[in-house]
Each structure stands twice: as structure tokens, then as C-alpha cells.
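Close look at the chain arrangement
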Amino acid sequence: MEEVKLDLSGKNIVIIGGFGGIGFETCKLLIQKGVANLMILHKTWNESASKELRSIDAAGVCQYMEFDLTCGLEKTRQVFAQIMEKFGSIDVLINGAGICDEQDFSIIIAVNFTGTINTTLVAYDLMDKSRGGKGGVVVNISSVAALTPFPVLPVYSATKGGILNFTRALAHLEPKTGITLYSICPGITDTKHWEQVRHFQGRELCFKEKMRGRPFSTQTPMACAANVVKAIEAHKNGVTWMCDLGQLKLVEIKNFWTPPHHRQEHEQQEQQDEQQQNQENEQNASKKGSRKRKLQVSG
Ligand SMILES: NC(=O)c1ccc[n+]([C@@H]2O[C@H](COP(=O)([O-])OP(=O)(O)OC[C@H]3O[C@@H](n4cnc5c(N)ncnc54)[C@H](O)[C@@H]3O)[C@@H](O)[C@H]2O)c1
Ligand SMILES: CCCCCCO
């Protein structure tokens, strides 16, 4: 069980895709966590989802703004400026929208990749402590496709892998900006995401039909959302979470190349680690030696 390091009560949260399968369940949990404000940015209004959220939102923390991720950087800035007018500050941004139709792959890139970069960088400027902000958190919903690319969905996999690396890169700046960022990679989750899954050559992949009746494990959006919130409360900068089959775990993504300006400190660290290991080996050897001598004397 991860330690709660970020208390969500009283926080101002923006969730993109908040009427989507995973997003909607995440909104329900955030309301129950006592957030101060929850701005749902979504491409289209959803009366039934809004009504259900209102039924549990006694404090009236939820608001909605129409937002299309493909609207471009300037419009994104305008939308976030309106939110800042309303909230005063944004504590957490959750990028939870996305599509899986590769037929016109410029669209999936615009939504999943460019759109997420736009919202992240706009929120980043507003949160950045080095630019007068209060710091904050950006949660990017990637996918297991970023961890194990799908051969049938190479562009989808690229958008999700790109967002994962984008998030890891920005997280390095946290000491200066006070902004914590991490990625969450859901496994296959039973939402409408599956209804429009087309190959880059346009072929309908019919995942829904193929999955029906198969003993193929997926997870519910509720289980996924519960782990999204757990990951947010764990508040670990720069990490990659995988939430699959109702389980939440950290995924170690290794760096395989060291920038020249980091090489010297990297080599020094390796030398220190080696010296420490040698000392431990020597101590263990001497302990074994003294135990052996004691046995010989007593034996
Ligand atoms: N369902 C899965 O198996 C699965 C697995 C891994 C990752 N994901 C990711 O999780 C996130 C949520 O997906 P979901 O399963 O809840 O699917 P979903 O289709 O239920 O929700 C996605 C939401 O994104 C919104 N959206 C689509 N295009 C948009 C745009 N241009 N502007 C604004 N909003 C837009 C849709 O309206 C929809 O409500 C997505 O990023 C998806 O890639 C899903
Ligand atoms: C392979 C199933 C497609 C659903 C989206 C996974 O991120």
C-alpha cells in the first residue's frame, strides 16, 4: 500500500477527459476525496455523467468547460487562463483523454500527443515556482502500449511512448519548478476506448467483438480509477506507474545513455558504489572468518 504523500482535499484539479470511462470514475473518487474544485474539460457535454456527478457532489466542486485537445496552443492558453480566473491556482492537472483510431493518424497524434503536450506546457507555465507559480502536479495517462508497443497500433503506441518520455524529461526540472510529473499506464480497461480501434491502414480491429466471451482479463474503469488516485496520492516525481488487472505497480524505466556533462558525476558515483560494495564484502568476509575461528575454538 503506497504511503499518502499528497492530500487531495482542498486541491484545485483540472481533468481532461473527465466524462470518459476512466476519467469519469476518477472524478467520482476525487469528489469523495474532498477536492476544492474539479474542472472537467471535455470535448462534448455529457448530461447523464454530469447528473451522476452532481448527485454525489454536495459541495458543488464540479464545473465543466468544453475543450477539444486539438484546439491548438493559443486556445488552450485561453481556456487555462479562464480556469485560473475561477480557481486562482491549479494544483493538479490530469491528462485523461485519448483516442485509439489510427485511420487518420494525424488526428490521433493531435489528440494523444500534441494536445497533451499543449495542456501540460500551459499548466506548467502557470504552476512553475520559478515564474511566480505555486508548483503543482501533472498526471499524464499513457498506456501499456508505451511499455510494450502494439504492432497493430504503432502510432497509438508512439503517442503514448512519447508522452511517457516527455513526462520523464520534464520531471527532472522539479527542484527548480516545484512541479511533480509522472505517467500512469493503464492496461486494457473496459471502456468505450475500444469501440473505435482502427489500424493505421484503416482496418477496424474489432477489439470489442474479439474480446467478447474470451477468458481475456481486462479491468473495470472503477478499478483503474482507484489506482490512478492511489498513484496521485503517492506523489512520486518522474515515475511510471502501471495499473493493470486492478493492480498498481511502479515500472523501472532505465536510462541507457549518460549525457557528457553528467558523465563525471556518474563515474564518481559508480566508483563510490564499488568502494562501498568492496567494504561490505570485506566486512562480511571478516565476520565469516571470526565465526569460523569461534567454532574451531569451541568445537
Ligand atoms: N481503455 C483502455 O484499455 C486504455 C488502456 C490504456 C490507456 N488508456 C488511456 O486512458 C485514457 C482514457 O481512456 P478511456 O479508456 O477512459 O477511454 P474513453 O474513450 O472512455 O475516454 C476517453 C475520453 O477522451 C475524450 N476525447 C477524445 N478526443 C478528445 C479531444 N479531441 N478533446 C478532448 N477530449 C477528447 C473522449 O470524449 C472520451 O470521453 C486515454 O488516454 C486512453 O488512451 C485506455
Ligand atoms: C489493444 C487495445 C487497445 C486499447 C488501448 C490500450 O491503450
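Residues numbered from 1 in each chain as written. Chains lettered and ligands numbered in written order. Predicted model: local features only at pLDDT ≥ 70, side-chain atom pairs only at ≥ 80, totals over all residues. Heavy atoms only, no water.

Regarding the overall build of the protein
- Summing up its helical and strand segments, the protein has nine helices and eight strands in all.
- Along the longest, intermediate and shortest principal axes, the C-alpha atoms of the protein span 85 × 50 × 40 Å.
- Counting over 299 residues, the protein shows a buried share of 42%.
- Look at the contacts in the protein between residues 6 or more apart in sequence, and 73% of them connect residues 24 or more apart.
- By element, 52% of the accessible surface of the protein is carried by carbon and sulfur atoms, the whole surface being about 16,100 Å². (Helix = DSSP H or I, 4+ residues; strand = E, 2+ residues; numbered from the N terminus. Buried < 20%, exposed > 50% of the residue type's maximum accessible area, 1.4 Å probe, protein only. Contact = heavy atoms within 4.5 Å. Areas by Shrake-Rupley, 256 points an atom, 1.4 Å probe, with all protein chains shown as cover.)

Examining the pairing of strand β7 (residues 240–244)
- The buried fraction of β7 is high, at four of five residues.
- In this sheet, strand β8 (residues 247–251) lies alongside β7 in antiparallel orientation, the contact comprising five bridges. Within β8, the position partnered with Trp241 by the bridge is Leu250.
- Linking β7 to β8, which pair antiparallel, is a turn of two residues; within it Leu245 sits at a positive phi near 55 degrees. (Pairing = 2+ DSSP bridges.)

Some thoughts on the nonpolar core
- Membership of the largest hydrophobic core comes to 33 residues, with the highest contact counts inside it found for Leu38, Val139 and Ile184.
- Per-element accounting of this core gives the leading share, six residues, to helix α8 (residues 221–234).
- Other than its neighbours up to four places away in sequence, Leu38 contacts Ile13, Ile15, Cys27, Leu30, Ile31, Val61, Cys62, Gln63 and Phe87.
- Membership of the second largest hydrophobic core comes to 26 residues, among which are Ile16, Met39, Ala123 and Ala171. (Core = buried A, V, L, I, M, F, W, Y, C linked by side-chain atoms within 4.5 Å.)

Digging into the site of ligand 2
- The full set of residues close to ligand 2 is Cys100, Ser143, Phe150, Tyr156, His193 and Phe207.
- Ser143 is positioned with one of its side-chain polar atoms (N or O) 2.6 Å from an oxygen atom of ligand 2.
- Between ligand 2 and Tyr156 there is a distance of 2.6 Å, counted from an oxygen atom to a side-chain nitrogen or oxygen.
- Isolated, ligand 2 exposes 270 Å² of accessible area, and the fraction of that covered by the protein chains is 94%.
- Partitioned by chemical class, the residues of the shell around ligand 2 number four nonpolar, two polar and no charged. (Near = heavy atom within 4 Å. Polar contact = N/O pair within 3.5 Å; in protein donor to acceptor, adjacent residues only side chain to side chain. Nonpolar A, V, L, I, M, F, W, Y, C, P; charged D, E, K, R; others polar.)

Side note on the site of ligand 1
- In the region of ligand 1, 26 residues are neighbours, and Gly21, His42, Tyr156, Thr189 and Thr191 sit closest.
- In this structure, an oxygen atom belonging to ligand 1 sits 2.7 Å away from a main-chain N or O atom of Gly21.
- One of the side-chain nitrogen or oxygen atoms of Tyr156 is found 2.8 Å away from an oxygen atom of ligand 1.
- Relative to its unbound accessible area of 820 Å², ligand 1 is 92% covered by the protein chains.

Concerning a positive patch on the surface
- Where like charges cluster on the molecular surface, the positive patch consists of Lys287, Lys288, Arg291 and Lys294.
- Taking the relative accessible area as the measure of exposure, Lys288 reaches 57% and is therefore exposed. (Patch = residues over 30% accessible without salt bridge, like charges linked within 9 Å, V, L, I, M, F, W, Y side chains within 5 Å. Salt bridge = Lys/Arg side-chain N within 4 Å of Asp/Glu carboxyl O. Lys, Arg positive; Asp, Glu negative; His and termini not counted. Charge placed at Lys NZ, Arg CZ, Asp CG, Glu CD.)

Side note on a nonpolar patch on the surface
- On the surface, Phe105, Ile109 and Phe200 cluster together into a nonpolar patch covering about 250 Å² of accessible area.
- As for its position among the elements, Ile109 is in helix α4 (residues 105–127).
- Look at Ile109 and you get partly exposed, because its relative accessible area is 31%.

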